[in-house]
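Residue strings, one per chain:
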Amino acid sequence: GGGSASKTEESQQKAVKLEETGPLTINPEISSEQEILSKGPNGEDAFSAIKLQLTEEELAKIKEGKYKAAIVMHYTGNDYSTAQINGLKAAFERMGIEVVAVTDGQFKPEKQIADIETVLAKSPDIIVSLPVDPTSTAASFKKAAEAGVKLVFMDVPPTGLTAGKDYLSVVSSDNYGNGVAAAETMAKQLGGKGEIGVIFHDVDFFVNNQRVEAFETTIKEKYPDIEIVARGGITSPNDGEEVASGMLTKHNDLDGIFAIWDVPAEGVLAAARATGNEDLVITTVDLGTNAALDIASGGSIKGLGAQLPYDQGIAEAILAGQALLGKEVPPYVAVPGLSVTEENVLDAWQLVYRQPAPEVVQSAAK
Amino acid sequence: MQSKDSNLNGTVAVGSHTVSRKKTFDWRNYIVYLAFIGVIIYFSVTLHDQGFVSTDNLLNIIRQTAMISLMGLAMTFVISTGEIDLSVGSIAALSSLTAALTIQAGFGMVGGVAVGLGTGLLVGLVNGLLVTKLAIPSFLVTLGTMGTVAGLAMWITDTAPVPIVDATFNFVFGSGDIGPIPILLIWTVVATIIAHFLLRKTSFGRQTLATGGNESAARFSGVKTQRIKLLVFLGSGFMAGFAGLLYAGRMHAGRFTFGEGDELSVIAAVILGGTSLFGGVGTVIGTVIGSLMIGTINNGLIIMGLDVSQQMMIKGLIIILAVAFGKKAIKR
Amino acid sequence: MQSKDSNLNGTVAVGSHTVSRKKTFDWRNYIVYLAFIGVIIYFSVTLHDQGFVSTDNLLNIIRQTAMISLMGLAMTFVISTGEIDLSVGSIAALSSLTAALTIQAGFGMVGGVAVGLGTGLLVGLVNGLLVTKLAIPSFLVTLGTMGTVAGLAMWITDTAPVPIVDATFNFVFGSGDIGPIPILLIWTVVATIIAHFLLRKTSFGRQTLATGGNESAARFSGVKTQRIKLLVFLGSGFMAGFAGLLYAGRMHAGRFTFGEGDELSVIAAVILGGTSLFGGVGTVIGTVIGSLMIGTINNGLIIMGLDVSQQMMIKGLIIILAVAFGKKAIKR
Amino acid sequence: MEKPMLSMKNISKAFNGITVLNSVDFSVRKGEVHALMGGNGAGKSTLMKILTGVYTADQGEIYIDDQLVEINNTDDARKNYISMIFQEFSLIPTLTVAQNIFLTREDKTSMGLINDKECVEKTRNLLQELEVDIDPNELVGNLGVGYWQMTEIAKALSQETKILVMDEPTASLTKKETEVLFSFINQLKSKGYAIIYISHRMDEILEICDRITILRDGRHVATEDCKQIDLDMVIQYIVGSGMDKAFEWKEREYATDVAPVLQVKNLSVGSKVQNVNFNLYPGEIVGIAGLMGSGRTETVSAIFGTGPKDRGDIVVNGQPVAIKNASDAIKAGLALIPEDRRVQGLVLEHSVKDNIILPILSKMQKGLFIDNKKANQVANDFVKKLNIKTDDIYKTTNLLSGGNQQKIVLAKWLANDPSVLILDEPTIGVDIGAKTEIVDVVRELADSGKAILVISSELPELLALSDRVLVMHEGRMIKEMQRRDIETEEELQHAIQGF
Ligand SMILES: Nc1ncnc2c1ncn2[C@@H]1O[C@H](COP(=O)(O)OP(=O)(O)OP(=O)(O)O)[C@@H](O)[C@H]1O
Ligand SMILES: Nc1ncnc2c1ncn2[C@@H]1O[C@H](COP(=O)(O)OP(=O)(O)OP(=O)(O)O)[C@@H](O)[C@H]1O
Ligand SMILES: [Mg+2]
Ligand SMILES: [Mg+2]
């Protein structure tokens, strides 16, 4: 979903235009003090996206090239993807780069490589992509690289491709940092003591592995009195409710549950409601509408680590722009995360999506 | 999948053995019931100290299977006519969204319910008309509408979920309990009773079975088979819309992913229950038991603490075993 | 979905009108061909400056549809006997993994191919035996094996993909081109020719259609219908295993998600091609055209630059329209 | 002259450009039983389907009591009190007998729900009147053909009707059921019904009918008073020329001192077939007589491997053979023409050719493939030999008339050149001309040394064909008679009843 047309007033993200003038950067309001905990795919230290920029002159120069870009997503059906695509589109627009295709791999590598092949028919100069599976999509990305396309990856590069040679850079959210944020909020809400469950993504997916690892490591190392008594895997976000119900059946005195992202967290919420576990503490990652609403209204979701996908998109576009100008770019760039709780939920929304929170969330926050 | 040769093999599918019913109790007609009881007993024994048998957990199973059961009831009619409806899951998604949007726009619960159900009816109508008027195989028609409706559900809010803050709606459609009884249980029971009588005791039900049993013979006998087919698709759309409301009420939101993949679960519940994919033989109670059995297996395996991969393997095996068990000797 | 009433309605499904074929050209038998040509022309006109008509892109479509086409060929036989096989997608996943693991373990390409195909045959055998010996409806059997096999594929490497570095394997099974011709095109053409002759010109093919057309009449005529069914399931398993090899060769890896959801695409291609879901009527060429048509639509809509949601909606509509077009007047 | 209650005027109908009915006039009076006769494919069923709204005529009018009526669908027919016993049954196999009989006309309780008890009770009474022993709660799919037919009849009789069409109602009935049916027909007649009666059984026609109309190749040939016509004339009208009487038994010469081709020893199937023993000799034609349900079909099914078998040995040409399925039986040199052609005999949606070559695919093989030329030739040969009325060998069999479908089933098995040919009710629905042809073919086969086993409920036919008659009663072979020792049909009838 490109989000170009606003079909309903409140429930969705609007495409946000960037400032028409001035240098292109990610949101300057993002605190530059925030430490980035994630390491790059090859153990590189992160280069903070805050430091990326394109000046007006550089932008003008890129515009002359009349470049074309394609966005090859792993999936487009969530707020995260939508925001990132919006960020990319907005930044590319300022750079005068035409976005010729946005594809959705529907979490299937075979679909994604078909997408790559198809998109190549339109001979883009840039492909920004999140590989569904680093291993099995590698050959196709390699082909694209060999065809001279500049590649920027989200989160993780395909296996066997080298930064600087085959691709430009990887831009990720601070997933590790977000897992830590969720752990810290959990610990704070429980007063450092209690029994909790973890709902993880039972699929080998780099980003989600990082989050769970961060959450579990933080709890184990910093909060010895909090015990992880239950772990349950999901493969589809719709499974969150069933898994959470099972956990609550087995451990009906559970104090908290961490869910790998916001959609399964909503399932946990439904399970807690059904079983009457009102004081269950839920933390998660990603700021979605429903999670924000629950946080704002003082519900069970107490906090989450938010990614800044819109800015991640801008960072990716800037990197592509720099490469088009012949500049060297850092191989691993991270966008800081944001710890969201009831206190800062409205501000956080503004920061993440560059627009005020939906009305429902606002009225709940009052 | 053959049953044109019903004349020789003697036995027709599970669930409707009028033949021997009178004479001897043939337990093979009750495979799904037996299998269900077996599953319950097994989990009760192995998981009794892990909360499986707690009322809460059993009610959870009901809650989790309500949507599949309700869609299954209507699907029983569709399959009984020899047709199929693959669009139910996507209808549930779309109607959860249209209902949520309507409520959000200030038309209140009644407006939301009307629009949600109307969405289902509308898609059902399209399915029914395409199947009856243009004589396109229902597999293709509903595969087409499944895609179209799923796309529409994604597009209508650009994949964003739509929160529902109407507490009454959320109570009545999914989250509420009346005393200790979840409202979803009430919906399931009421709908099952109605569907059961509709299929077994009304002309409509009889004509549905006749249409599936042999369409041209039914037509000669004065059954308006096209109208019956139209009606079963309408019913299926309606119930899918209703399931969408329940998803919405339970999750306090509408979302385009609700019901994803439900079509297979629903069809599985129906077939497991003893309804024949070739039409002519249908059982409403069997469907609900089939749905509950799938739900119970899901629940038990999760409580057992198995990996998703292990859960999938075991679930697959149980489905096969449940039917194989006792079927050995009979051919359909 | 009814065809028991074949006696009076007169007309049978697309594709097998031996009746009028000889005398008059009835374009309604060629709906899928016409629709396919229509789709190609439409995209060629609207997208000609966007690379749609480039040889590369057209070959891409072949590459992208090869697995569906190949599984569709075998599924044509399964559906022609009146059965169904839902497990093909999961077999492809599992065999991509077993092949990759075998190659990784140093047994070379031949070992990998043997194990990959063996995996498919084994699952096909299980499906076939359960359907024939225990007389469980194939929908349930293969739903069960689909789950079991998909779980196994997840479990075997704990969802991790297994890279394949054997260049020959990757060349022969998917990635290679011979001159300008992708090897996947060659596989598709060869398999299609074999399947076509098998269905149209051999005893096995005739017996397959007879089994689906009227199982008991076939049995009375000395057709070993059970053996035929066993064979079509074996064939389906084999081809799904083969598709797994092609996925592996194309992606240079084995992975548990390969082929996910393919069962629906495969069945859609088969039905779209004109094979009847009730058995007795099958067309191999139709299946391949059906598969190519779905692939072309996917490709064209992406090049058009549509959102996924829009693509889904339009694809759904095209499927319906393709069949509706011209079907208006005929009843099956 | 009495005014007709129904008259169809100038009716024409064509399928795919081929004229099936050509300006046919047909009328029936109140309280009359009017026979409609003609060869297979003459257009009888088509004419009646036009009357009952299954097909619409291309041309022509229908008047009932001198009122022009429009009959465009089955509902219109019902509104005009027309009902029909179809040649292709209008029953739903997955519903019970009672549910079928009262479909769309169920009794309702005060709550508007179906009152199944009432329907079952009414069905029970109806069946009792018809003297058939069927459980109203039995699934129709579990019944044999004869019982389907009785159910169909019961269904037609249970509804309010003025014009009743019976399309070969007795095809699968034995003498006894036929008699019951006739007494019913007489009752209906006296109630003022108009009854249209289609049959290929000549003796019946003269017994029950008042007038007779004959069609040939879609044209009206004659309408006569039954009292003023005799069998020879009828046959003459039907076939368009004279024919010799094939229905006379001829003493045939064959060797009895040779070894039997087929020996059946101690064959048992539950209570349906109990300890059946018999032998068949080369060149011999043996008939099996029995009441409906006496176990004849079960016996031959067990021999052929298509039905269950508990005990018993089958010996072919001195070799014991294990027959587990039809394929084994075919290999052993047996062939069975099954009783129910629509279910067991034909793949209805396949072509004439594909049906004919199905059992002989292995003989059609050329290398890996089927030899198409040879297949076409075989199919064309049999179409010609058996005089099958079809446009060409590519026509799907469901478009053929009932009798022609039966001939294809016969062709299938003749093509295989078996050493033992078993025929279960081979002449159901076959016209008089074809019947003679079939009788001739069977005799020819026997003369060439094949052994023939025939089941038939039509005693004249059985008597005309057989050299020897076996009589079954309640699962047992109770009697064996040499044909030459049977003086009259009554004698055999007596034996069948189990006296
Ligand atoms: N739907 C149809 N399409 C094409 N041809 C048809 C169709 N129905 C009947 N026919 C043809 O019309 C002719 C007359 O058929 P009809 O069934 O009326 O014969 P009939 O007199 O009832 O013969 P029988 O005694 O064998 O039942 C046959 O040649 C048959 O093949
Ligand atoms: N009274 C009955 N109720 C239910 N089913 C019956 C009854 N009588 C017979 N059948 C079934 O009908 C089928 C065959 O019936 P059919 O009338 O052909 O009898 P049959 O034993 O073959 O005798 P025959 O061939 O001598 O008429 C068998 O499967 C038999 O089990
Ligand atoms: Mg007829
Ligand atoms: Mg019989």
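Residues numbered from 1 in each chain as written. Chains lettered and ligands numbered in written order. Predicted model: local features only at pLDDT ≥ 70, side-chain atom pairs only at ≥ 80, totals over all residues. Heavy atoms only, no water.

Draft legend 1. The arrangement of the site of ligand 2 in detail. Residues and elements named next belong to chain D. Around ligand 2, the structure places 15 residues, and the nearest of them are Gly 144, Ser 294, Arg 296, Thr 297 and Glu 298. One of the backbone nitrogen or oxygen atoms of Leu 291 is found 3.2 Å away from an oxygen atom of ligand 2. Gly 295 places a main-chain nitrogen or oxygen 3.1 Å from an oxygen atom of ligand 2. Isolated, ligand 2 exposes 600 Å² of accessible area, and the fraction of that covered by the protein chains is 81%. Top element by residues in the shell around ligand 2 is helix 9 (residues 296-304). It accounts for three residues. Of the residues assigned to the shell around ligand 2, the class counts are four nonpolar, five polar and six charged. When we break the shell around ligand 2 down by domain, the ones giving at least three residues each are domain 1 (4-239) and domain 2 (245-496). (Near = heavy atom within 4 Å. Polar contact = N/O pair within 3.5 Å; in protein donor to acceptor, adjacent residues only side chain to side chain. Areas by Shrake-Rupley, 256 points an atom, 1.4 Å probe, with all protein chains shown as cover. Helix = DSSP H or I, 4+ residues; strand = E, 2+ residues; numbered from the N terminus. Nonpolar A, V, L, I, M, F, W, Y, C, P; charged D, E, K, R; others polar. Domains from an automatic or database assignment.)

Draft legend 2. Here's a closer look at the packing of aromatic side chains. Residues and elements named next belong to chain A. Under the criterion given, the structure shown has 27 aromatic pairs over all chains. With a centroid separation of 4.1 Å and 10° between ring planes, the pair formed by Phe 215 and Phe 258 is classed as stacked. You can see Phe 215 sitting in helix 6 (residues 206-222) and its partner Phe 258 sitting in strand 9 (residues 256-259), a full 43 residues away along the chain. Pair check on accessibility: Phe 215 and Phe 258 agree, each one buried. (Phe/Tyr/Trp six-rings, centres within 6.5 Å; stacked < 30°, edge-to-face > 60°. Buried < 20%, exposed > 50% of the residue type's maximum accessible area, 1.4 Å probe, protein only.)

Draft legend 3. Structural context of the interface of chain D and chain B. The interface of chain D with chain B comprises 33 residues on the first partner and 34 residues on the second. Inspection of the chain D/chain B interface yields two salt bridges. Between D:Asp75 and B:Lys224 there is a salt bridge, with its nearest N and O atoms 3.4 Å apart. Seen at the junction of chain D and chain B, the total is ten residue pairs in polar contact (both at pLDDT 80 or more). At the level of secondary structure, the elements contributing two or more residues to the side of chain D that touches chain B comprise helix 2 (74-79), helix 5 (145-157) and helix 11 (341-345) of chain D. (Contact = heavy atoms within 4.5 Å. Salt bridge = Lys/Arg side-chain N within 4 Å of Asp/Glu carboxyl O.)

Draft legend 4. Examining the relation of the copies chain C and chain B more closely. Each copy superposes on the other: chain C lies on chain B with an RMSD of 0.1 Å after a rotation of 180° and an axial shift of 0.0 Å. Both copies are brought into coincidence by an operation consistent with a two-fold rotation axis. Looking at the interface residues of chain C, 100% of them are also at the interface in chain B, so both copies use one shared face. (Least-squares fit on C-alpha atoms with pLDDT ≥ 70 in both.)

Draft legend 5. The arrangement of the chains, seen in detail. Most contacts, when the five pairs of chains in contact are compared, are made between chains B and C. There is a clear gap between chain A and chain D: no contact, and 37 Å between their nearest C-alpha atoms.

Draft legend 6. The arrangement of the coordination of the magnesium ion (ligand 4) in detail. Around the magnesium ion (ligand 4), the protein contributes the donor atoms D:Thr297 (OG1) and D:Glu339 (OE), at 1.9 to 2.3 Å from the metal centre. You can see D:Thr297 sitting in helix 9 and its partner D:Glu339 sitting in the loop between strand 16 (334-337) and helix 11, a full 42 residues away along the chain. (Donors = N, O, S within 2.8 Å, 3.2 Å for Na, K, Ca; no water.)

Draft legend 7. Broad picture of the interface of chain C and chain B. Counting residues at the interface gives 65 residues for chain C, matched by 66 residues for chain B. Counting the contacts that link chain C with chain B gives zero salt bridges. There are four residue pairs in polar contact (both at pLDDT 80 or more) connecting chain C and chain B. Taken together, the elements giving at least two residues each to the side of chain C that touches chain B come down to helix 1 (6-9), helix 5 (88-133), helix 6 (138-156), helix 9 (203-213), helix 10 (215-220), helix 12 (262-273) and helix 14 (308-324) of chain C. Looking at the side of chain C that touches chain B, the element that brings in the most residues is helix 6 of chain C, giving 15 residues. Of the residues contributing to the side of chain C that touches chain B, the split by class is 34 nonpolar, 20 polar and eleven charged.

Draft legend 8. A look at the domain arrangement of chain D. Residues and elements named next belong to chain D. Taken domain by domain, chain D holds domain 1 (4-239) and domain 2 (245-496). A straight line from the C-alpha centre of domain 1 to that of domain 2 covers 29 Å. Each partner contributes residues to the interface: domain 1 has 28 residues there, and domain 2 has 30 residues. Between domain 1 and domain 2 the total buried area reaches about 2200 Å² when both faces are included, carbon and sulfur atoms providing 59% of it. A salt bridge links Glu 458 to Arg 201; its shortest N-O distance comes to 3.3 Å. At the junction of domain 1 and domain 2, the tally comes to six residue pairs in polar contact (both at pLDDT 80 or more). For the side of domain 1 that touches domain 2, the elements supplying multiple residues, two or more each, are helix 5, helix 6 (175-190), helix 7 (202-208) and helix 8 (231-239). Taken together, the residues of the side of domain 1 that touches domain 2 break down into eleven nonpolar, nine polar and eight charged. (Buried area = accessible area lost by both parts, 1.4 Å probe.)

Draft legend 9. Spotlight on unusual backbone geometry. Residues and elements named next belong to chain D. The phi dihedral of Glu 168 falls on the positive side, at around 50°, and the residue is not glycine. Structurally, Glu 168 can be placed in the loop between strand 7 (163-167) and helix 6. Positive phi, close to 45°, is recorded for Glu 474, a residue that is not glycine. The residue Glu 474 is located in the loop between strand 21 (468-473) and strand 22 (476-482) in this model.

Draft legend 10. Fine view of the pattern of salt bridges. If you walk through the whole model with that rule in mind, you get 41 salt bridges over all chains. For A:Lys327, the salt bridge identified is with A:Glu58, shortest N-O distance 2.6 Å. Of this pair, A:Lys327 sits in the loop between helix 10 (309-324) and strand 12 (332-335) while A:Glu58 is found in helix 1 (residues 56-64), placing the two residues 269 residues apart along the sequence. On the basis of relative accessible area, A:Lys327 is assigned to the partly exposed category, the value being 39%. Taken together, the salt bridges that share partners define one network made up of D:Arg201, D:Glu204, D:Lys435 and D:Glu458.

Draft legend 11. Up close: the site of ligand 1. All names here are of chain D. Around ligand 1, a shell composed of 20 residues is seen, among which Asn 40, Lys 44, Ser 45, Thr 46 and Gly 403 lie nearest. Within the side chain of His 200, one N or O atom sits 2.8 Å away from an oxygen atom of ligand 1. Taking Gly 403, its main chain carries an N or O atom lying 2.7 Å from an oxygen atom of ligand 1. Protein chains bury 92% of the 640 Å² of accessible surface belonging to ligand 1 in isolation.

Draft legend 12. Summary view of the pairing of strand 2 (residues 18-29) of chain D. With eight bridges joining them, strand 1 (residues 4-15) of chain D and strand 2 of chain D adopt antiparallel strand pairing. Note on strand 2 of chain D: the bridge partner recorded for D:Lys13 is D:Leu21. (Pairing = 2+ DSSP bridges.)

Draft legend 13. Highlighting the nonpolar core. If you look at the biggest cluster of nonpolar residues, it comprises 198 residues, and the most contacted ones within it are B:Ile136 and C:Ile136. Sorting elements by how many residues they give to this core places helix 5 (residues 88-133) of chain B first, with 15 residues. Those residues in contact with C:Ile136, other than ones at most four positions away along the chain, are B:Ile320, B:Val323, B:Ala324, C:Leu130, C:Val131 and C:Val141. A:Ala83, A:Ala296, A:Leu338 and A:Val345 belong to the second-largest nonpolar core, a separate cluster that totals 103 residues. (Core = buried A, V, L, I, M, F, W, Y, C linked by side-chain atoms within 4.5 Å.)

Draft legend 14. Spatial organisation of the sheet that holds strand 10 (residues 219-225) of chain D. All names here are of chain D. Pairing in this open sheet of six strands is mixed, and the strands run 6-7-8-3-9-10 from one edge to the other. Where the open sheet ends on each side, the last strands, each with one partner, are strand 6 (82-85) and strand 10. Looking at each pair of strands side by side, their axes are set apart by 20° on average, direction ignored. Bridging between strand 6 and strand 7 involves four bridges; their strand directions are parallel. Each bridged residue has a counterpart across the sheet, and for Ser 83 the counterpart in strand 7 is Leu 164. In the packing of helix 6 onto the sheet, contacts are made with strand 3 (33-37), strand 7 and strand 8 (194-198), and the angle to strand 8 comes to roughly 150°. Where helix 8 meets the sheet, its contacts fall on strand 3, strand 9 (211-216) and strand 10, and the angle it forms with strand 9 comes to roughly 30°. (Axes fitted to C-alpha atoms, helices over the stretch in contact; angles between N-to-C directions.)

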